[in-house]
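If you want the building blocks of each chain, they are given just below.
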Amino acid sequence: MHEFLLAAAALAPGNPAVVEYAGRGDVRTVTYRQLAERADEYAGALAEAGVGVGDCVLLESDTSSSAIAMLAACSSLGAVFVPVSPETPAPRLRWIARTTEPVLFLRTHDTGPERIPPEASGTGRFGPYGVELDRAPAPREDRGWRRGVETDPAYVIFTSGTTGRPKGVVMSHRAVVSFYRGMAACGIVGGSDRVATTSPLQFDFSLLDIGLALGSGAAVVPVPRTLLRWPRRFAAVLRETGATQVNGVPSIWRQTLRREPELLSGLDRVRGVLFCGEEFPSHELRRLQELLPGARMINCYGSTESMAASFAEVPRPLPEDLERLSIGTAHAGAELMIVDGDGRPVDEPGVPGELLLRGPTLFTGYWNDPRATEAALVPDPVNPRTGQRVLRTGDLAHRDEHGRFYFRGRADSQVQIRGNRVELGEIEHRLRDFPGVAGAAAVVVEEPDTDPLLAAFVLPEPGERGPDSTEVIAFCRTVLPEYMVPQRLRVVSELPITENGKVDRGELAARCRGGR
Ligand SMILES: Nc1ncnc2c1ncn2[C@@H]1O[C@H](COS(=O)(=O)NC(=O)C[C@H](N)c2ccccc2)[C@@H](O)[C@H]1O
């Protein structure tokens, strides 16, 4: 992974690799040479502390030149990079530390001694100055492997674990670099681009951005997470760093689109936007297209178990009657397929089924969870005798007559209401069509011994009083079957989002349960 990320250091050492915003008028550039040198310095310090092949290094940091250098340093030692964000709640940090037993817990800022997980053998800090150990890792008996190979784990990303405990997705060097190569074949950015990254380091979207930028000899522009929610500051970072590509989940645009859309029309250097993680509401996307007329927009689909899977250019302008955005076709080197409930390939256009992904980018398995791994990496349904395993994405999709795929929701969130399959996306689509509604989310609230409840939340346009609930429900009733009409409708001042920036449906459902 480090060889792929730092290849440009040999070809254009003086080019910017990371452009960091340190405050108004204070933008700092780290060149590829400097990044490679810092990675070497870190690797030397970690090797000296006894870090070797297969050892986990738990890193608490935002995306930065130091974090990227540490990622490359771990890779060069065959160590496993386990990123968590400074805003990760302590219990989750503890769970990850207990599960991975890191030889080293490193952080960029001193977030207090209480956040140091006792399970970490060694602890310390790192930054542009180097590595400072507070506690060296305890000496350990000699281990097996001596040098890293490409099938070894490069990193472990813990999913948000919607169902219970978070699962550690183990990605090998081979899987990551195969994906990076497949993505590079799309020609999304070039050497003079500056890729603004807005996701937390614990979300592999950040790792996609790093590979997209550095793999193309371009620069990574970390957007300070604290500034994301202030439209003026967000726009200032993009302008002052000269960002040409802005990557992030749909919610990064919401505040600016709602409150100060005119800020975006000043960003005439932005020529590309890439989003992933969930569906981008079409009226917001249409708005963004109008405000960034020169920007090519790409819908990137995939799950952490393969980093991502497909890229689709968003039609410009977005057709008025657009039902849903395509997620495109699998990137070079991989293939998507749809199977029915019995695992048989579905070929007819328009027929939904579960999406499977085949190719070299698949994850190794869930950390210390062989059963979950077995459930996700299944025998190839076309020819099980080959022993090849393919990824069950857990998503439903259909294919159109041109072979392009369309996301149809999570298989496990396909809920039955009074015996009928409900597509939450369809309900949300309808809610957003109601005049004065700027955003919407629909959730199913499962209560013990009663029918599941279908609840909806609508976000009014700024300055608008919330729409009347009975009118909205009547509006839904005109096109949706009765079982898909929300039984409860709330007006909210904002849609809650998860740490990774997706709409937090768990929080919304909890509000209904608590009768809040
Ligand atoms: N473009 C989409 N439309 C609609 N639903 C989607 C989409 N991208 C994911 N998803 C959903 O999110 C799930 C994956 O969730 S995840 O494992 O937390 N990973 C992510 O969300 C990010 C993913 N690793 C990634 C990183 C970088 C680029 C692309 C994708 C997918 O299975 C889909 O259900």
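Residues numbered from 1 in each chain as written. Predicted model: local features only at pLDDT ≥ 70, side-chain atom pairs only at ≥ 80, totals over all residues. Heavy atoms only, no water.

Visitor: Got a minute to help me understand the packing of helix α1 (residues 2–11) against helix α2 (residues 32–48) in this structure?
Guide: α2 packs onto α1 with a crossing angle of 130 degrees between their chain directions and a minimal axis gap of 8 Å. In this view, α1 runs oblique relative to α2, as classed from their interaxial angle. Crossing geometry of α1 relative to α2 is assigned as left-handed. For the pair α1 and α2, the contacting residues are Leu5, Leu6, Ala8 and Ala9 in the first and Tyr32, Leu35, Ala36 and Ala39 in the second. Its residues assigned to classes, the contact of α1 with α2 shows eight nonpolar, no polar and no charged. (Axes fitted to C-alpha atoms, helices over the stretch in contact; angles between N-to-C directions. Helix = DSSP H or I, 4+ residues; strand = E, 2+ residues; numbered from the N terminus. Parallel < 35°, antiparallel > 145°, perpendicular 65-115°, else oblique. Left-handed = near helix turned anticlockwise from the far one by under 90°. Contact = heavy atoms within 4.5 Å. Nonpolar A, V, L, I, M, F, W, Y, C, P; charged D, E, K, R; others polar.)

Visitor: Sorry, what's going on with the site of the ligand here?
Guide: Within the structure, the ligand sits among 20 residues, and Asp204, Asn299, Met307, Asp395 and Lys502 are positioned closest to it. One of the side-chain N or O atoms of Thr304 is found 3.1 Å from an oxygen atom in the ligand. Within the side chain of Lys502, an N or O atom sits 2.7 Å from an oxygen atom of the ligand. Contact with the protein chains covers 92% of the free accessible surface of the ligand, which is 650 Å². Counting only elements with at least two residues in the shell around the ligand, the list comes to α6 (204–214), β14 (296–301) and β22 (405–410). In the shell around the ligand, the residues fall into nine nonpolar, five polar and six charged. (Near = heavy atom within 4 Å. Polar contact = N/O pair within 3.5 Å; in protein donor to acceptor, adjacent residues only side chain to side chain. Areas by Shrake-Rupley, 256 points an atom, 1.4 Å probe, with all protein chains shown as cover.)

Visitor: How should the pattern of salt bridges be read in this particular structure?
Guide: Applying the stated criterion across every chain yields a total of 27 salt bridges. Of the charged contacts, one joins Arg287 and Glu290 as a salt bridge, the two residues approaching to 3.2 Å between their closest N and O atoms. With Arg287 and Glu290 both in helix α9 (residues 282–291) and three residues apart, this pair spans about one turn of that helix. We classify Glu290 as exposed; its relative accessible area is 52%. In this structure, the salt-bridge partner of Arg399 is Asp347, at a minimum N-O distance of 3.7 Å. (Salt bridge = Lys/Arg side-chain N within 4 Å of Asp/Glu carboxyl O. Buried < 20%, exposed > 50% of the residue type's maximum accessible area, 1.4 Å probe, protein only.)

Visitor: I'm lost on empty space enclosed by the protein in this one. Help?
Guide: With a probe scaled to a water molecule rolled over the atoms, the places where space remains empty come into view. As enumerated under the stated definition, the model contains one cavity of 30 Å³ or more in all. Its volume calculated, the largest cavity comes out at about 40 Å³. Around the largest cavity, the lining residues are Ile188, Gln245, Arg271, Gly272, Arg296 and Ile298. (1 Å grid on protein atoms, 1.4 Å probe; cavity = no way out; pocket = protein on both sides within 12 Å on 5 of 7 lines; lining within 4 Å. Points joined across faces, edges and corners; volume = space filled by probe spheres on them.)

Visitor: Sorry if this is basic, but what is going on with the sheet that holds strand β27 (residues 488–491) here?
Guide: In a beta sheet, neighbouring strands are held together by backbone hydrogen bonds and run either parallel or antiparallel to one another. If you trace the three strands from one edge of the open sheet to the other, you get β25-β26-β27, paired in mixed fashion. Sheet topology places β25 (437–445) and β27 at the edges, where each strand pairs with a single neighbour. Averaged over all adjacent pairs, the angle separating strand axes in this sheet is 20 degrees, with direction ignored. Where strand β26 (residues 453–460) lies against β27, four bridges are found, and the strand directions are parallel. Note that in β27 the partner of Ala456 across the bridge is Leu489. Contacts between helix α11 (residues 424–432) and the sheet are confined to β25, β26 and β27, with β25 contributing the most and set at about 150 degrees to the helix. Set on the sheet, helix α13 (residues 505–513) makes contact with β25, β26 and β27; between it and β25 the angle comes to about 70 degrees. (Pairing = 2+ DSSP bridges.)

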